Every structure is written in C-alpha cells, then in structure tokens.
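For reference, the chains in residue letters:
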Amino acid sequence: MTSFNRSTSRRLKKLTQIPSVWEGDRRPLSSPNQHSDSEEKGECILWVDYSQGIVRGMDVVASDVGPEAIVRTLMRAMEHPHSPARPARPQRIVVKDREIQFYLRGVLQDLDIAIDYAPELPLIDELFRGFADILDSQTPDLPPQYAQILREKAFAIWQAAPWEFLEEQQILSIEINKWDVGTLYASVMGMLGMEYGILFYRSEESLKQFRTAVLQDVESTEHLEESFLKQDCLFLTFESADEDEDEDEDEESDLADLPLSEIDPTFGNIHPLEGLRSVLYDEEALVIFVAIESLIRFIRDHRRQFHEDIFPNLSRRYRISLPQSEESTKSVAVTVSTMPELAAELEEMADFDDDDEESDNLDSANFQSLQDDLIPEDSFLSLGVVSWEMLDHLRKGVTYHKAGEIKQVGDGLPVILIQTSRPKAKTVIERIEAAGGLKAICFNPGADAFDGDRYDLGLLQTQNEELFLFGEFLDEDPIHVEARKKWNQRCKNTKGYCGLIIAKGLTGASRGNPQLRDMMALFETRSLSPKDLGIGTLQLMPKLELE
C-alpha cells in the first residue's frame, strides 16, 4: 500500500488538530432517474466538516481512478480547504465504504486520526440529494421519449447521403401544417465536404436573408456571426464522435469516410431571439422527426432523378406515423416538393451564372461539386518554377501531357508540385487521365462565414469539368502571398501556361525537394483567374458550436 513520505507526514502533523468529525465519500455524478452512463460523467469526492456543516474539499475524477484520489482530496481539505474553513487536521473521520475505511487506516496511521465506519453520512447524503435534484432539473438535449428514434432517423439520413446529389441552394419544401409549423425549407449541407447536415428553415424569408447576409459579408465579415444567429431554423448536423480529442482540421474533410459508429448527430434550434440552442423540446422533436422521415422517403423515391443535370420539379405526399407520445394524433400528412425556381433565384444571388458565352468558363450548370479527395492529405505541396532546361528533361523522362506551344519567356514554367508516395502518386495520375486530363489550374477566393477567415483555394479543373481542391491558403499568410505574386507574374510571362508535377519520394531523402528521378508526371495546362472560372467566392458554412 502506498503511504506518505515521512516529510509529508511530519508536515501534516504540524497542522492544528481540531475536535471535529469529518465525513468523506466518493459517488457517481448521476441521478438515479437518469439513464445516462455514470462512467461518462465521472465521480465526485467530498470531504465535509460535519461539526461545522461546511464543505472542506471536493473533486471530480474519472470512475477508473484508484483510491489515491480520495486521499489527495483529503490532503487539500486539510491544508488548503474551501473558504471559510482554515487549515486543520480532524480528530475523527467517518466513511460509509469499508474498503475506503481500511485504505485510509493504512495511509493515515501516523496522523493520529480515528477512521470509523457508519452506514449513513447525514451531511454528505443531503448534499448528494441536492446534486441529484439539480441533475434531474436539467433539460436533456432531446426529449427522452424521442431520443432513440431521432438518432435512428439521423443515421438513416447519413446513410442516404443527400449531399452527394443536392446542393445547398437546391431547397426542398416540407409542408407539415402541424404544431404551429406550416412549411419547412430544407437546405442540405455537405456537397463541398466541409459541413454535413440539414437546415430546416421555418420560412423562405429567413433562408433568403441569411444567404444574402453571407454573400454581402464576404467583404465585411464583422457581422457574420450576428447574421448566423438571426436564422430561424431547426437543424441536424453531423460531426466526428471524437472531434474534441482530435482538432486536426484535415479530419473534418474525411467525415464521410468514417464508420457509422464514429459519427455523432446533433439536433438543435436557431432563432433570432434565442440564438443557438442545442436542445429540442417535445413539439420541436416531433416536427424534426416528421421532416427527416419524409425527407428520407422522398430521397428514396427520387434518388435517380436527382442525379440528372437539372434540378427536377417533383412533389410527393406521405403519411408519417408519429412515435408514441401524449398526442392523440397518430399520423401526419406531409407534402415534400423540390423548388427549382427558388434554387435558380439563390444561384443568381450567388452569381453562379456566367454571361460570357465566348469563354471556356465553368458555369453553374456544370459546377456539380468541389472534391477534395484527389490529392492525398499528407502530400508535400509547393508553388514554384521549372527552368526551361529542366522542362526539356521532364518532357522526355516522365508521363507528359502537352497543352500547346509555350514561349520560353522568363525564368521557367510556373508549376504546382505535389509530392506523395509512389502508389498514391500513381493513383492521382490515373484519376486525372481518366477525367480526360488537366484543363486548368486556378486560385479562387474562399471564406469561412463564421470565423471571418478568407482563403486562397488552389483548384484543379479536369477536362470533364470536375473541380478538385489541392490547397487552402490563408489570405494573410505572407509566404503564400509572395509565392502567389511570383506565380501570377510567371503565368503572365508564359501567356497563361503553367504545369502540374506529380512526384514520389515523400518518405525518402528527397522529401520536400524531389529530384528528376522522383518526378512521375507533368501535366501542362492553362491558368484561370477567379473571374474566368466564374463560380464566385466559395463559402465554408459556419460550424455549429454547441455548448
């Protein structure tokens, strides 16, 4: 058994011993009326002075922490007690756990403190009853009678993955006409792989107001958070179950690749007068249940039609059976419809359309999604230049795709270099070739609507009009700003010609400085300006931070 150092025992014995009886105990932090696992919340250790009726020390520890924790709390109760108590040593300690009693007798044997057992601890029992009352009075995130069914429906939506074929501006109306809710307007988030979920706006006006505010605040971000909290909607979002433990931002882009067991759905409400609330009350839970169930059925019935190039005009009526509740109503008739006209209006607001018919721009009809799964996460990336002499060697020694006759002006061809492992490099090359080759390289503005950060997004456009993200650079990063200046000047020298080099050797001696022997492919292409690309500023939708 672990015991005090002799110096510690001498220090504790110097404390004044007062004629008091202290109670001590360790109990789970949960109410008997709650169904949650107490191990998730830990345990509370309490030391109280029964004679004076005050708490001298309290700690919350994990359930698997050993008996040493109760001694550590006792030491603080003696040497550094909570106010108004003063440092002291008790004459007698009473506990209601035999194991704790025997353990303390061994540890405290040199301190002249009697350690007794009692089946009840009046003061501590009263304090824990108060804790239980507080826990019972707390509103759960979801009404207990609907919690399980709502989570099941959330996972069903996750598996249906509507963000694979629905863009955020392709709104679905869900007419409910129950619980003082007329029609909800569902906006699906996730096609850009940044934030997955569904916003159920209570009015078309609220939806338009927020999108207008976001588009305006790209240039002035100081009011974005206020605009976000002025939305009027219910929401369902998804995040990694261990997101708090792993704050690597790159993990967010891989959310769709995680197993179902690692996905955590969150429900809530946003209202101008309430702000963000991560709690649903009974009627709200029923509303969002009906909305999700009807959406699941609508997706099931029309999934194939959504994969077409146009947003179809569809409508379907369903009767949704309600989960068991106190309501006399057993089912609700719901009509789900697409809103092509509203989608077109929202696209126009975002300036997705390009009126220049002579350009090879990517217009809204062709912009299906921005993908971020082409370039491996651990790749080395740089903006640089290849000398004209090196370019000749590259053209002869690697997989080479020519874009046109390039005049040798300036110090060389501006290139994006991506270095990864050999197998991954081979996969990247094959995917670009399968897409018809590389059509263009572009740096396009992006904005985080919540944090106010602005980005320079590096994009690759393939011949089949797909867009792939290869890099995210903060606008304020001085290194990137300088690299972009050089890139723009070199592209100007070459009349817009540039290149993409795919190299191996990420884990070898040439990491970060690949040699000619490491380079596996050269794709010559053209650079596009954001105006040429014509998709506007890409919005990173604000992440719902729940308290």
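Residues numbered from 1 in each chain as written. Predicted model: local features only at pLDDT ≥ 70, side-chain atom pairs only at ≥ 80, totals over all residues. Heavy atoms only, no water.

(A) Main features of the overall build of the protein. Across its full length, the protein carries 14 helices and 23 strands. Put simply, of all contacts in the protein between residues at least 6 apart along the chain, 69% involve residues at least 24 apart. Accessible surface for the protein amounts to roughly 28,000 Å². Of this, 45% is attributable to carbon and sulfur atoms. (Helix = DSSP H or I, 4+ residues; strand = E, 2+ residues; numbered from the N terminus. Contact = heavy atoms within 4.5 Å. Areas by Shrake-Rupley, 256 points an atom, 1.4 Å probe, with all protein chains shown as cover.)

(B) Looking closely at unusual backbone geometry. In this model, Ser-83 is joined to Pro-84 through a cis peptide bond whose omega is 10°. Tracing the backbone shows Pro-84 in the loop between helix H3 (68–79) and strand E4 (89–95). Within the chain, Ala-161 stands out as a residue other than glycine whose phi angle is a positive 50°. According to the relative accessible area criterion, Ala-161 is buried, its value standing at 7%. Here Glu-465, not a glycine, exhibits a phi torsion of approximately 75°, which is positive. Relative to the assigned elements, Glu-465 resides in the loop between strand E19 (454–462) and strand E20 (467–474). (Buried < 20%, exposed > 50% of the residue type's maximum accessible area, 1.4 Å probe, protein only.)

(C) Main features of the sheet that holds strand E6 (residues 172–178). One open sheet accounts for eight strands, arranged E11-E10-E9-E8-E7-E6-E13-E12; its pairing is antiparallel. Only two strands of the sheet have a single neighbouring strand rather than two, namely strand E11 (275–277) and strand E12 (315–321). Neighbour-to-neighbour, the strand axes of the sheet open up by a mean angle of 25°, direction not taken into account. Against the sheet, helix H9 (residues 282–306) engages E6, strand E7 (181–189), strand E8 (196–201), strand E9 (233–240), strand E10 (263–271), E11, E12 and strand E13 (331–338), with an angle of about 135° to E12. (Pairing = 2+ DSSP bridges. Axes fitted to C-alpha atoms, helices over the stretch in contact; angles between N-to-C directions.)

(D) Inspection of the pattern of salt bridges at higher detail. On inspection of all chains with the given rule, the structure shows 26 salt bridges. Across the pair Asp-25 and Arg-27 runs a salt bridge, and its minimum N-O distance is 2.5 Å. Judged by relative accessible area, which is 15%, Arg-27 ranks as buried. Note that Arg-151 and Asp-264 form a salt bridge whose closest N and O atoms lie 3.7 Å from each other. Remark: Asp-264 occurs in strand E10 and Arg-151 occurs in helix H6 (residues 144–160); sequence separation between them is 113 residues. What makes Asp-264 partly exposed here is its relative accessible area of 25%. (Salt bridge = Lys/Arg side-chain N within 4 Å of Asp/Glu carboxyl O.)

(E) Structural detail: the packing of aromatic side chains. In the structure shown here, the tally under the stated rule is 11 aromatic pairs. Ring centres 6.4 Å apart and planes at 50° place the aromatic pair Phe-443 and Phe-473 in the tilted group. Taken together, the positions of Phe-443 in strand E18 (residues 438–448) and Phe-473 in strand E20 put the pair 30 residues apart, joining distant regions of the chain. When its relative accessible area of 15% is taken as the criterion, Phe-473 is described as buried. Taken together, Trp-158, Trp-163, Tyr-196 and Phe-238 form an aromatic cluster joined through their ring pairs. In this structure, Arg-98 packs its charged tip against the face of Tyr-117, placed 3.7 Å from the ring centre. (Phe/Tyr/Trp six-rings, centres within 6.5 Å; stacked < 30°, edge-to-face > 60°. Lys NZ or Arg CZ within 6 Å of the ring centre and 35° of its normal.)

(F) Quick look at H3. Taking 1.5 Å of rise per residue, the 12 residues of H3 would be expected to cover 16 Å, and the 17 Å separating its terminal C-alpha atoms lies within 8% of that figure. Burial within H3 is extensive, with nine of its 12 residues counted as buried. On the buried face of H3, the contacting elements are helix H1 (6–13), strand E1 (17–28), strand E2 (43–49), strand E3 (54–61), E4 and helix H4 (98–107). (Expected span 1.5 Å × (residues − 1).)

(G) Highlighting the environment of Val-385. With respect to the helices and strands, Val-385 occurs in strand E15 (residues 380–386). The sequence separation of Val-385 and Gly-412 amounts to 27 residues, and the corresponding C-alpha distance is 5.8 Å. The contact partners of Val-385, leaving out residues within four places of it in the chain, are Asp-411, Gly-412, Leu-413, Pro-414, Val-415 and Arg-490.

(H) Seen up close, the packing of H1 against H3. Close contact between H1 and H3 brings their axes to 11 Å; oriented N to C, the two are set at 40°. The angle between H1 and H3 falls in the class oblique. For the pair H1 and H3, the sense of crossing is left-handed. On H3, the residues that touch Thr-8, Arg-11 and Leu-12 of H1 are Met-75, Met-78 and Glu-79. Classifying every residue of the contact of H1 with H3 by side-chain character gives three nonpolar, one polar and two charged. (Parallel < 35°, antiparallel > 145°, perpendicular 65-115°, else oblique. Left-handed = near helix turned anticlockwise from the far one by under 90°. Nonpolar A, V, L, I, M, F, W, Y, C, P; charged D, E, K, R; others polar.)

(I) Broad picture of the pairing of E2. Across the seven residues that make up E2, a large majority, seven, are buried. Here E2 shows a buried face lined by Glu-43, Ile-45, Trp-47 and Asp-49 and a second buried face lined by Cys-44, Leu-46 and Val-48. Here E1 pairs with E2 via seven bridges, running antiparallel. Counted as the bridge partner of Trp-22 is Asp-49 from E2. As defined by bridge partners, E2 adjoins E3 across seven bridges and the pair is classed as antiparallel. Opposite Trp-47, over in E3, you have Gly-57 as the bridge partner. Linking E2 back to E3 in an antiparallel pair, the connection comprises four residues, with Gly-53 at a positive phi of about 70°.

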